[in-house]
Amino acid sequence: MNIMDFLCKDSIIVDLKAQNKKDAIIELIESLKTSKKIKKTDEIIEVVLEREKLGSTGIGQGVAIPHGKTDALTEQVGVLGISKKGIEFNSLDGEPVYIIFLLVGPVEVTGQHLKALSRISRLFKDKFLRQTIKNAETKEEIIKIIQQEDAY
């Protein structure tokens, strides 16, 4: 499974405006709506925030992977956002988050959803890759970096 299979390239946000976890999640979901990848933003926001209540999706090392499943979608879709200032996300390591990869999908694709989460997590284990994405200034740079990683 490749990241580009579910990453909405048009929705990537290179400089998130949000300054907290909830606003960052909303900003990313709204960007998916703008790209016409989703329609029912309220339901998707609620699902992702409910999942966040179970435990922070801030996995550490400046990365968070908020996610959720809903009947409001027919396919899995992801969006990447970069915060230049960092966002408090209640991460496992207590550090701010700079890279947020939000993933949402339909309820009936649990296996595919878990594979996507695993792939995203593996992608961001690489310190050099995290730094390169964090420093990227355009969507095109980020897409190129991820396409190169997908090729391996």
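Preceding this section is the structure that the text describes.
Going along each chain's sequence as written, the residues are numbered from 1 onward. Residues qualify for local features only when their pLDDT is at least 70, as the model is predicted, and side-chain atom pairs are given and counted only at 80 or more; totals for whole chains, interfaces and linings, by contrast, use all residues. Water and hydrogen atoms play no part in the side-chain values, which are based on all heavy atoms of the structure.

Here we take up the nonpolar core. Among buried residues, the Ala, Val, Leu, Ile, Met, Phe, Trp, Tyr and Cys ones that are joined through side-chain atoms within 4.5 Å form a nonpolar core. Any residue under 20% of the maximum accessible area for its type is buried, any over 50% is exposed, and the rest in between are partly exposed; the area is computed with a 1.4 Å probe on protein chains only. Grouped together as the largest cluster of nonpolar side chains are 25 residues, with contacts concentrated most on L80, F124 and I133. Listed in part, the 24 residues of the second largest apolar core include I13, L32, A64 and I87.

What follows concerns the packing of aromatic side chains. Note on aromatic pairs: the rings of Phe, Tyr and Trp (six-membered ring only in Trp) are paired at centre separations within 6.5 Å, and the planes decide the class, stacked below 30 degrees, edge-to-face beyond 60, tilted for the rest. Evaluation of the coordinates by the stated rule reveals two aromatic pairs. Geometrically, the ring pair formed by F6 and F101 is edge-to-face, given 6.1 Å between the ring centres and 70 degrees between the ring planes. Placement of F6 in the segment before α1 (21-34) and of F101 in strand β5 (residues 97-105) is noted, with a sequence separation of 95 residues between them. With respect to class, F6 is no different from F101; both count as buried. Secondary structure elements are defined from DSSP: runs of H or I of at least 4 residues count as helices, runs of E of at least 2 residues count as strands, and each element is numbered from the N terminus.

Counted at 1.5 Å a residue, the expected span for helix α3 (residues 110-123) with its 14 residues is 20 Å, and the 20 Å between its end C-alpha atoms agrees. Within the span of α3, buried status applies to H113, A116, L117, R119, I120 and L123. Down the axis of α3, the smallest arc covering the buried residues is 160 degrees, so these residues share one side. Away from its buried face, by an angle of more than 90 degrees, α3 presents the exposed residues L114 and K115. The elements touched by buried residues of α3 are β3 (67-69), β5, α4 (127-135) and α5 (139-150). Helix span, as expected, comes to 1.5 Å for every residue beyond the first. This arc is taken over the directions from the axis of the helix to the C-beta atoms. Note on contacts: a residue pair qualifies if any of its non-hydrogen atoms lie within 4.5 Å across the two residues.

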